[in-house]
Amino acid sequence: MTEHELKQKSIAYRKTILTIINQCGAGHTGGSLSCVDILNVLYNAVMNVSPANFDDPNRDRYIQSKGHSVEALYTVLADRGFFPTSGLDTLNTYQSHFIGHPTRKIPGIEQNTGALGHGLPLAVGIALSAKLDERPYRVFTLLGDGELTEGSNWEASMTAAHYQLDNLIVIVDRNTLQITGPTEDVVALEPLASKFEAFGYAVRSCDGNDVGELQRTLSDVPFAPGKPSLLVANTVKGKGVSFIENQVGWHHHVPTADELTQALGELDRAQQLLKVG
Amino acid sequence: MELGRPNLEEFASTLIDLAQTDRDLLIVTGDSRGSGKLWPFAKAYPQQVVEVGIAEQNLVGIAAGLASTGKRVFAVSPACFLTARGLEQIKNDVAYSDNPVKLVGISAGVSYGALGSTHHSLHDYAVLRAINNLDIVAPADNFETREAIKAAATHPRPIYLRFGKKPMPHLHAPDTTFNIGKALTIQDGNDVTFIAIGEPVGRALAAAQRLEADGVRCRVISMHTLRPFDTETVLHAARNTSALVTVEEHSVYGGLGEACAATLMEHGIQLPFRIVGIPDEYTVTGSQFEIFDHYGINETGLAQTARQLLQVEPA
């Protein structure tokens, strides 16, 4: 997929995310908007996974540790044809399988997540299995920066390095905000890249909202043979809508009807600009 | 009762037997291959051992990831750490995500004796019973251990097994059949029923044999599986005996005793009933067997409990 097409998709995804969160009256707006470009690139340009090969033991795996950004994941999976888009209309409704965190009841989702600090150990187990069986698949996992204070991430990192899991790609959605405020005010994470390096990763960073940069970086894994890869994806929380960007309150603020209209208007204009450009 | 070997050793040798024909069988250990008697396994099948170090959350999460790819994974760690430190991973990554990990809590209950409460697991039945999609098995003797491990290897659902490290008496006739979820009646009798789980079963049987000498006929049931719970056997025993004593190496809260009590209440059955386990207090210091003795989980104590319920004096 071309960079231009990926950009178009990102805008369309943002519109869907905002619409479904508004519709169901709940969701994690800021984080979904910050990570959706990463999901876009993974599912449309990097990973060998589709509805057709989801039963294939050699498919690439994606584990979303920051499960609360599920609206982005549902949106991308629906677009990739894992389930009809109409499923999104039932998000968070009585008896729906589309709950507020990823569940395996939804086609395309590998593991149930939601409690933070769980995705990386799961991903390490799956990557280790590939090594044991000499299977070619890669395991991509997306972590929020706020969840990096969970010790299980660092436990799993040590294991990943010990077993030289160069089929494991950890992506940190580094939007620098968590529910209480800036990550550096809550419990400082920096110097983050050097921490990961010290734990045995080959580390790179890129603009996590730039689909072209993401595609180039994520197509170049492993970053080093014999090491797990770690990408610090520098993102903007709430990316793509002026009044949502970098606002702590939008962590799980639900757009009102007026806010939705305004946001969709901004995204329409972005789409127009993209067509013209 | 003829003494066998520790259930821990039976577990370890059963795994070696299973691994001979199953290269997808893995053990995941947290610096616990020594305490798990798993060195022989590790030497025979080094490619089938995943070591994660002392990191129980990670251990369970990795085990779940491995199991999701079709590996038959035994996640082995002392029960006290596995089911407390790793509890959220058990709840979410194993049970909720339906990854059929075989969680093995070694040196369970008060096996670590005088090492103290940090090393005791007297909460595991209670917390794990409250988690959906997780079967719970505590074998009593070597036979039950071997059969439980063999069954667990191909069990389609997440399962937790726990046992200790002291030699256990042989409890069952050679032709016994073991099924997860189906209690084993070791001896029949209509005066009092002992329903026990795990390593206290032998002690209940000893108490039953002492009571027999007094003319009290005892039924002894090894309720090796706490979930799925064999309600039918409990009800049948309660309807056919005059008193019921439950015995477990666990807090008196939330384990076998309360499971039996709820079953009886819900079926409108009332009979003299007593839960024997570890009471709600700072556990006394001592070896596993000294702790058992202290709390009446022994031949004398259990016989006395039964007599009290039946209101009979010793002969």
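1. Examining the interface of chain A and chain B
At step 1: The interface is formed by 25 residues belonging to chain A together with 28 residues belonging to chain B.
At step 2: Counting the surface lost from both chain A and chain B, the interface buries some 2,000 Å², and carbon and sulfur atoms represent 48% of this.
At step 3: Where chain A touches chain B, the interface holds 2 salt bridges.
At step 4: Aspartate 133 of chain A serves as the salt-bridge partner of arginine 23 of chain B, at 3.9 Å between the closest nitrogen and oxygen.

2. Regarding the sheet that holds strand 2 (residues 139-144) of chain A
All names here are of chain A.
At step 1: The sheet built from 5 strands is open, its strands ordered 1-2-3-7-6 with parallel pairing. In this open sheet, the two strands that pair with only one neighbour each are strand 1 (61-64) and strand 6 (202-207). Each adjacent strand pair in this sheet contributes to an overall mean axis angle of 20°, direction not counted.
At step 2: Where strand 1 lies against strand 2, 4 bridges are found, and the strand directions are parallel. Among the inter-strand pairings, arginine 61 is bridged to a residue of strand 2, identified as valine 139.
At step 3: Its contacts with the sheet place helix 2 (residues 29-46) against strand 1, strand 2, strand 3 (168-174) and strand 7 (229-234), and it is angled at close to 150° to strand 3.
At step 4: Each of strand 1, strand 2 and strand 3 is contacted by helix 4 (residues 119-133), which is oriented at about 170° to strand 2, the strand it contacts most.

3. Side note on the confidence of the model for chain B
At step 1: Mean pLDDT for chain B: 97, with 100% of residues reaching 70 or above.
At step 2: Across the interfaces of the predicted complex, the ipTM metric reaches 0.96, alongside a pTM of 0.97.

4. Focus: the layout of surface pockets
Residue and element names in this part refer to chain A.
At step 1: The calculated volume of the largest pocket comes to roughly 310 Å³.
At step 2: Every residue lining the largest pocket is counted, 15 residues in all, and those nearest its centre are Ile11, Arg14, Asp37, Asn209 and Lys239.
At step 3: At the level of elements, helix 1 (3-24) and helix 9 (257-276) are the ones that each hand at least two residues to the lining of the largest pocket.
At step 4: When residues in the lining of the largest pocket are grouped by element, the largest group, 4 residues, is from helix 1.
At step 5: Taken together, the residues of the lining of the largest pocket break down into 5 nonpolar, 3 polar and 7 charged.
At step 6: Approximately 240 Å³ is the volume found for the second largest pocket.

5. Thoughts on the domain arrangement of chain B
Residue and element names in this part refer to chain B.
At step 1: For chain B, the domain assignment lists domain 1 (3-169) and domain 2 (184-308).
At step 2: Residue-level contacts link 35 residues of domain 1 with 29 residues of domain 2.
At step 3: Both sides together, the interface formed by domain 1 and domain 2 hides about 2,300 Å², and carbon and sulfur atoms give 57% of it.
At step 4: Per-residue buried area on domain 1 facing domain 2 is highest for Leu122, Tyr125 and Arg129; these three make up 28% of the total on that side.

6. Some points on the packing of helix 1 (residues 7-19) of chain B against helix 7 (residues 142-153) of chain B
All names here are of chain B.
At step 1: Put simply, helix 1 and helix 7 touch, their axes get as near as 9 Å, and they point 40° apart. One finds that helix 1 runs oblique with respect to helix 7. Where helix 1 crosses over helix 7, the two elements pack in a sense that is right-handed. The residues of helix 7 that touch helix 1, namely those facing Asn7, Glu10, Phe11, Ser13, Thr14, Leu15, Asp17 and Leu18, are Asn142, Thr145, Arg146, Ile149, Lys150 and Ala153.
At step 2: Split by residue class, the contact of helix 1 with helix 7 holds 5 nonpolar, 5 polar and 4 charged.

7. Here we look at the pattern of salt bridges
At step 1: One pass over the structure, following the stated rule, counts 32 salt bridges over all chains.
At step 2: Residue glutamate 184 of chain A is joined to arginine 174 of chain A by a salt bridge in which the shortest nitrogen-to-oxygen separation is 2.9 Å. Of this pair, glutamate 184 of chain A sits in helix 6 (residues 183-186) while arginine 174 of chain A sits in strand 3, placing them 10 residues apart in sequence.
At step 3: Overall, the relative accessible area of 31% leaves glutamate 184 of chain A in the partly exposed class.
At step 4: Counted as one network, the salt bridges with shared partners bring together Asp133 of chain A together with Asp22, Arg23, Asp24, Lys71 and Arg72 of chain B.

Parameters and conventions
Residues numbered from 1 in each chain as written. Chains lettered and ligands numbered in written order. Predicted model: local features only at pLDDT ≥ 70, side-chain atom pairs only at ≥ 80, totals over all residues. Heavy atoms only, no water. Contact = heavy atoms within 4.5 Å. Buried area = accessible area lost by both parts, 1.4 Å probe. Salt bridge = Lys/Arg side-chain N within 4 Å of Asp/Glu carboxyl O. Pairing = 2+ DSSP bridges. Helix = DSSP H or I, 4+ residues; strand = E, 2+ residues; numbered from the N terminus. Axes fitted to C-alpha atoms, helices over the stretch in contact; angles between N-to-C directions. pLDDT = per-residue confidence, 0-100. 1 Å grid on protein atoms, 1.4 Å probe; cavity = no way out; pocket = protein on both sides within 12 Å on 5 of 7 lines; lining within 4 Å. Points joined across faces, edges and corners; volume = space filled by probe spheres on them. Nonpolar A, V, L, I, M, F, W, Y, C, P; charged D, E, K, R; others polar. Domains from an automatic or database assignment. Parallel < 35°, antiparallel > 145°, perpendicular 65-115°, else oblique. Left-handed = near helix turned anticlockwise from the far one by under 90°. Buried < 20%, exposed > 50% of the residue type's maximum accessible area, 1.4 Å probe, protein only.

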